[in-house]
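Listed below, chain by chain, are the residues.
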Amino acid sequence: MSNDSTQFTRLPETADEREDEGRATREEVLDFWDERFGVDPETFADHTFWELGAGKIWIYRGDPPSPVEIEGLGMTFLRTRQEHWKPTLEAVQRFGHHATKNVVHLTDEQARRFVAGDDQELGWEGDWGYLVVTHDLAGEPEPVGVGLFVYGELRSQVPKGRRRDLDT
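Here is a short report on the structure shown in this document. (Residues numbered from 1 in each chain as written. Predicted model: local features only at pLDDT ≥ 70, side-chain atom pairs only at ≥ 80, totals over all residues. Heavy atoms only, no water.)

Let us now look at unusual backbone geometry. Leave glycine aside and you will find that most residues have negative phi; peptide bonds, for their part, are mostly trans. Residue R81 is not a glycine yet carries a positive backbone phi of 60 degrees. Mapped onto the fold, R81 is located in the loop between strand 4 (75-79) and strand 5 (86-87). In this structure, N102 is a non-glycine residue whose phi angle is positive, near 55 degrees. In this fold, N102 is placed in the loop between helix 2 (89-95) and strand 6 (103-106). You can call N102 buried: its relative accessible area is 8%. (Helix = DSSP H or I, 4+ residues; strand = E, 2+ residues; numbered from the N terminus. Buried < 20%, exposed > 50% of the residue type's maximum accessible area, 1.4 Å probe, protein only.)

Following this line, the structure appears as structure tokens:
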């Protein structure tokens, strides 16, 4: 089945079931979250994954028939069909607390700059690439978004419409 930007199509379970070479599989999505962030694939046992458009992966808790011709199904989850897969802000805020690696915890000042959309130097010793960014809220670390760490700099990936100035 070729990609149709007007309907949600369930991701195939494995590469053997894939008809469109560019489409991610459920297995690849689970492997990505496991390998990059240490999120156990069982975390997503009750969820199905869907593609709408080229590489826009959505997650839905449940199992409706495929394809689905509606405007929204669950939440955006991951961007594929590009060199580096990118988790969405919503996915990190919902599932980031399960992450055991490639998580960076920010101080109050760093978190303020991050949610405002500012890039900042960071002494991170982990992998380059996309990170789960956390900050203490109500005394507990909570995922606040996706950061991109390259060349000693944490680049905020908070979408422009979701950025906040917390200094005022």
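Here the narrative resumes, following the displayed structure.
Checked against the element boundaries, D20 lands in the loop between strand 1 (9-10) and helix 1 (26-37). A relative accessible area of 15% means that D20 is categorised as buried. Polar side-chain contacts of D20 include one of 3.0 Å to the backbone nitrogen of G22. (Polar contact = N/O pair within 3.5 Å; in protein donor to acceptor, adjacent residues only side chain to side chain.)

A few words now on the side chain of H135. Relative to the elements of secondary structure, H135 occurs in strand 8 (residues 129-137). On the basis of relative accessibility, which here comes to 11%, the residue H135 falls in the buried class. Engagement of the side chain of H135 in a polar contact is seen with the side chain of D108, the distance being 3.2 Å. Excluding residues that lie within four positions of it along the chain, H135 makes contacts with H105, L106, T107, D108, A111, E140, P141, E142 and V144. (Contact = heavy atoms within 4.5 Å.)

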